[in-house]
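# Coordinate analysis (summary)
Here's the letter readout for the chains.
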Amino acid sequence: MTHPALRLFLLLLTCAVTFNANAASTIHHTLKITLDPSTSMIYAEDTITLPDHLARQPYFEFILHADLNPQSTTHTVETVDTPARSIQHHYRVKLNASNQPITLHYGGVINHPISAKGEQYARGFKESPGLIDKAGIFLAGSTLWYPVVPNQLVSFELAITTPAEWTAISQGVRQLHEKSATQQRVEWQARQPQDDIFIIANRYHEYSQSAGAVEAMVFLRDEDEALAQKYLDTTVQYLAMYSKLLGPYPYQKFAMVENFWDTGYGMPSFTLLGPRVIRFPFILHSSFPHEILHNWWGNGVYVDYNQGNWAEGLTTYLADHLIAEQRGRAISYRRDILQRYSDFVSDGRDFPLSQFRSRHSSASEAIGYGKTLMLFHMLRQQLGNREFVRALATLYRKQKFKITSFSDLEAAFSQSSGTDLAPFFEQWVARSGAPALTLGNATVHKKGSRYRLNGSLIQQQAGALFELQIPVMIYLEGEREPHVEIVSMNGAQSDISFEFDTRPLRIEVDPMFDLFRRLDNREIPAALSQGFGAEQVLILLPSSEDKALLDEYRNMAMAWARTQPGKWQVRLDSEIDSLPSDRAVWILGWNNRFSHAVEQPLKAQGVALTGKQLTLKEKSLAIASHSVMLTARHPQNSATTLVWLATSRAEAVAALSRKLPHYRKYSYLAFEGDEAINVAKGQWHVLNSPMSLDFHYADNLEHDGFKLIPPPALVQLPAVSSAKRMMRDAALLTSEAAPPHRR
Ligand SMILES: [Zn+2]
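Computed from a predicted structure; not experimentally measured. (Residues numbered from 1 in each chain as written. Predicted model: local features only at pLDDT ≥ 70, side-chain atom pairs only at ≥ 80, totals over all residues. Heavy atoms only, no water.)

Evaluated as defined, the whole model comprises 39 aromatic pairs. Ring geometry for tyrosine 341 versus phenylalanine 516: centroids 4.8 Å apart, planes at 70°, classification edge-to-face. Of the two residues, tyrosine 341 is situated in helix 6 (residues 330-344) and phenylalanine 516 in the loop between strand 29 (504-509) and helix 11 (528-533); the sequence distance between them amounts to 175 residues. Counting every residue linked through ring pairs, the aromatic cluster contains Tyr238, Tyr242, Tyr249, Tyr251, Trp296, Trp297, Tyr302, Trp310, Tyr396 and Phe401. The ring centre of tyrosine 59 lies 3.7 Å from the NZ or CZ of arginine 92, which sits over that ring. (Phe/Tyr/Trp six-rings, centres within 6.5 Å; stacked < 30°, edge-to-face > 60°. Helix = DSSP H or I, 4+ residues; strand = E, 2+ residues; numbered from the N terminus. Lys NZ or Arg CZ within 6 Å of the ring centre and 35° of its normal.)

This is how it looks when you write it as structure tokens:
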């Protein structure tokens, strides 16, 4: 998910002032903060101890929120720049030889309303640069609530006073927690270098459970013991699994903190999740472990954003992808990743990983998360599991709390594996684009008592060629598991030739989607994502439909035209003579003139419309009560997709309009009633992929189906009881090294 630290970085890119970017040692803040939610006020005293490289400068320069008016009892504060309409005010303090700590006093109102990001992007959360409010308190580095020096890591002691019923949370360890009739005081200490300081506060109920040297914590706005216990147990399971895999968890606590609006933030040693999000049961084994793992990648080993954000892809690979792997779903997970790249990233929207900062669209997500994830998957294929994990553990040990770039990753993996991985990183990180592969004329000849299979692999993308290790699988007569060959390819074409004792029945190129590549659209079932992701989209309204339903269709079409990416056009089916083949086309209504263009090709997938019933994958659906979405490739151009969306119920259209963008990966969907309750969803079978071929023989040999057997997961999730034992094991204790700073 997203990270507030990143926004600070983006914010500061626009700041013309240059700061010392040396992050060799930290600025230490001793902060005393009082927060008043009823007036949105913050009162602060900050005693700042500078590291040597900053103490030697003539001035200490920092930025602070525009409304906080800093004063000093030890030094003179000068204003450098106070740009209008910006919350970033730039100050400096003249330093003298005595090198004494700088004490600043400041205070004021911080209350930026929570506002929506771009609506077109379905995952877009609402956000705020920071606020102190009766509903809750959220302060991040991007709030500039403490003196910020860009690209400079900090450590801190943070004492916070709030009204009695409020509890404040930050990174690190809680050293003090006391409550009087009128006040609550907490003190958080983070000795490890941090790139941000957060304060989250609310009227929390607190739950905790110890796991060796780490404390699992949960902060909920309403009492809910059962929910808290689920999070505490799951925290211990993932902390144990990742500590064993990568090295000890870098902090002394991990807290799941409920926010007062919907977010999915991962901060060092805690995650801030929205009230709706935390109650979805699937979050425990999807977003939640992802945020836990960010304490290794992103909030443990820090990201050098100037060279590209590698941490999202690695975290997604070792959390979301690993969980798919543990559940036997990794192959379809990777196919979906590649499908999203193929659907959302056209030439104009592509960019190299070195330019990825954070996701802001489906295209940037497909690259920054998807392509990066595949980079790590390919590394693992190339190095093997043991070497891959060893390199990650070495990287973590060496780079913990250091700002780390793709070049550092390349060095770590090259060194650990004894392989020069520079060309590998160069082609996947510095270049945009993806290889597009196809299998060329594969044939089998009998040669004596043996069988020779000849063929070729072809790279057919327009851009530069890639160096690839391509898995090729051959199913042989009488053998259940396929024979696997890895073909090295570094030209436009590689000829392949293999000899077998038994007859080859089928050849498949990269059937487990182990390579990052642009899928041929015949490998990908038609899906709704192609209807939403296309650069040009035409929506055809059914001119013969009754007015109430037609109006609802039109409202939905206009809303998508406004909010979805791409250029959308809305027309009546009576206004055109034939379907264009250069764009995605939505065909709306049971009575649309062009519905046959979808209905016809789908007969091969078991779809049939007879009178008042639609047969869909052996289900019979009454047209009167169901809404249906069916996709098919355009008969004249398999690169474009037709989407047929039909309902008999005007009342259902608003719900469909809201729900469909969340079902993008499906080829077909069926909904029931006015609330549009989903009753069927799925993807079509791939019937004519250019990456596979069946060999036929005169005796029409029968085979009982080809089945890929996915390799085992990189690691398994331990049960709660053994996770607790693992966390007590001395080897997994946290190893907190206090950074040097003067007190
Ligand atoms: Zn993330």
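Turning our eyes to something else, we now look at the sheet that holds strand 20 (residues 264-267). Taken together, five strands build an open sheet; the order of strands is 17-18-19-21-20 and the sheet is mixed. Each edge of the open sheet is held by one strand with a lone partner, namely strand 17 (205-211) and strand 20. The sheet shows a mean angle of 15° between the axes of neighbouring strands, taken without regard to direction. In this sheet, strand 18 (residues 214-220) lies alongside strand 17 in antiparallel orientation, the contact comprising seven bridges. The residue of strand 18 that forms the bridge with glutamine 209 is alanine 216. Across the sheet, helix 3 (residues 225-246) is in contact with strand 17, strand 18 and strand 19 (253-258); its angle to strand 18 comes to roughly 150°. (Pairing = 2+ DSSP bridges. Axes fitted to C-alpha atoms, helices over the stretch in contact; angles between N-to-C directions. Contact = heavy atoms within 4.5 Å.)

Turning our eyes to something else, we now look at the domain arrangement of the protein chain. What the domain assignment lists for the protein chain is domain 1 (4-14 + 25-203), domain 2 (303-433), domain 3 (437-519) and domain 4 (528-682). Of the roughly 640 Å² buried where domain 2 meets domain 4, counting both sides, 39% is carbon and sulfur surface. Taken together, the connections running from domain 2 to domain 4 amount to one salt bridge. For the pair domain 2 and domain 4, the number of links is one residue pair in polar contact (both at pLDDT 80 or more). For the side of domain 2 that touches domain 4, the leading source of residues is helix 6, giving four residues. Residue composition of the side of domain 2 that touches domain 4, by class: one nonpolar, three polar and three charged. (Domains from an automatic or database assignment. Buried area = accessible area lost by both parts, 1.4 Å probe. Salt bridge = Lys/Arg side-chain N within 4 Å of Asp/Glu carboxyl O. Polar contact = N/O pair within 3.5 Å; in protein donor to acceptor, adjacent residues only side chain to side chain. Nonpolar A, V, L, I, M, F, W, Y, C, P; charged D, E, K, R; others polar.)

Next up on the list: helix 9 (residues 406-417). Helix length check: helix 9, at 12 residues, gives a terminal C-alpha distance of 16 Å against a target of 16 Å (1.5 Å per residue), a fit within 8%. By the burial criterion, the buried members of helix 9 are Phe406, Leu409, Ala412, Phe413, Ser414, Ser416 and Ser417. The inward-facing, buried residues of helix 9 abut helix 7 (362-383), helix 8 (385-399), strand 23 (403-404) and helix 10 (422-430). Looking one or two places after helix 9, you find glycine 418, whose phi comes out positive at around 65°. (Expected span 1.5 Å × (residues − 1). Buried < 20%, exposed > 50% of the residue type's maximum accessible area, 1.4 Å probe, protein only.)

All right, on to the pairing of strand 15 (residues 183-194) then. Pairing analysis gives nine bridges linking strand 12 (residues 154-163) to strand 15, with the strands arranged antiparallel. What sits directly across from alanine 159, in strand 15, is glutamate 187. Here strand 14 (residues 173-179) runs beside strand 15; their pairing, made up of six bridges, is antiparallel. In the strand pairing of strand 15, leucine 176 is matched with glutamate 187. Counted along the chain from strand 14 to the antiparallel partner strand 15, the turn is three residues long.

Attention now moves to the sheet that holds strand 25 (residues 450-459). Taken in spatial order, the three strands make up an open sheet running 24-25-28, and their pairing is antiparallel. Strand pairing shows two members of the sheet lacking a second neighbour, strand 24 (437-447) and strand 28 (493-500), which therefore form its edges. Pairwise comparison of adjacent strand axes, ignoring direction, gives a mean angle of 15° for this sheet. Summarising the sheet, strand 24 and strand 25 pair through nine bridges and their orientation is antiparallel. Bridged to histidine 445 within strand 25 is arginine 452.

For the rest of this paragraph, the subject is the nonpolar core. Formed by 118 residues in total, the largest nonpolar core has its most connected members in Trp296, Trp297, Leu318, Leu379, Phe388, Phe413 and Phe425. Looking at this core, the element that brings in the most residues is helix 3, giving 12 residues. One finds Ala55, Leu144, Trp188 and Ile200 within the second-largest nonpolar core, a separate group that totals 59 residues. (Core = buried A, V, L, I, M, F, W, Y, C linked by side-chain atoms within 4.5 Å.)

Inspection of the entire model under this criterion finds 27 salt bridges. A salt bridge links glutamate 45 to lysine 32; the shortest N-O distance between them is 3.7 Å. Highlighted residues: glutamate 45 in strand 2 (residues 41-49) and lysine 32 in strand 1 (residues 27-36), separated in sequence by 13 residues. Of the residues examined, glutamate 45 reaches a relative accessible area of 24% and is grouped as partly exposed. Of the charged contacts in the structure, one is a salt bridge between arginine 554 and aspartate 551, with a shortest N-O distance of 3.6 Å. Of the two residues, arginine 554 and aspartate 551 are both situated in helix 12 (residues 547-563); the distance of three residues between them amounts to about one turn of the helix. Taking the relative accessible area as the measure of exposure, arginine 554 reaches 32% and is therefore partly exposed. Aspartate 551 sits in the partly exposed class, given a relative accessible area of 25%. The structure contains a network of salt bridges with shared partners spanning Lys447, Arg450, Arg452, Glu499 and Asp501.

Next up on the list: the layout of surface pockets. Reported here for the second largest pocket is a volume of approximately 970 Å³. Every residue lining the second largest pocket is counted, 32 residues in all, and those nearest its centre are Arg335, Pro511, Phe513, Val686 and Leu708. If you list the elements that add at least two residues to the lining of the second largest pocket, you get helix 6, strand 29 and strand 40 (692-694). Among the elements that take part in the lining of the second largest pocket, helix 6 stands out by supplying four residues, more than any other. (1 Å grid on protein atoms, 1.4 Å probe; cavity = no way out; pocket = protein on both sides within 12 Å on 5 of 7 lines; lining within 4 Å. Points joined across faces, edges and corners; volume = space filled by probe spheres on them.)

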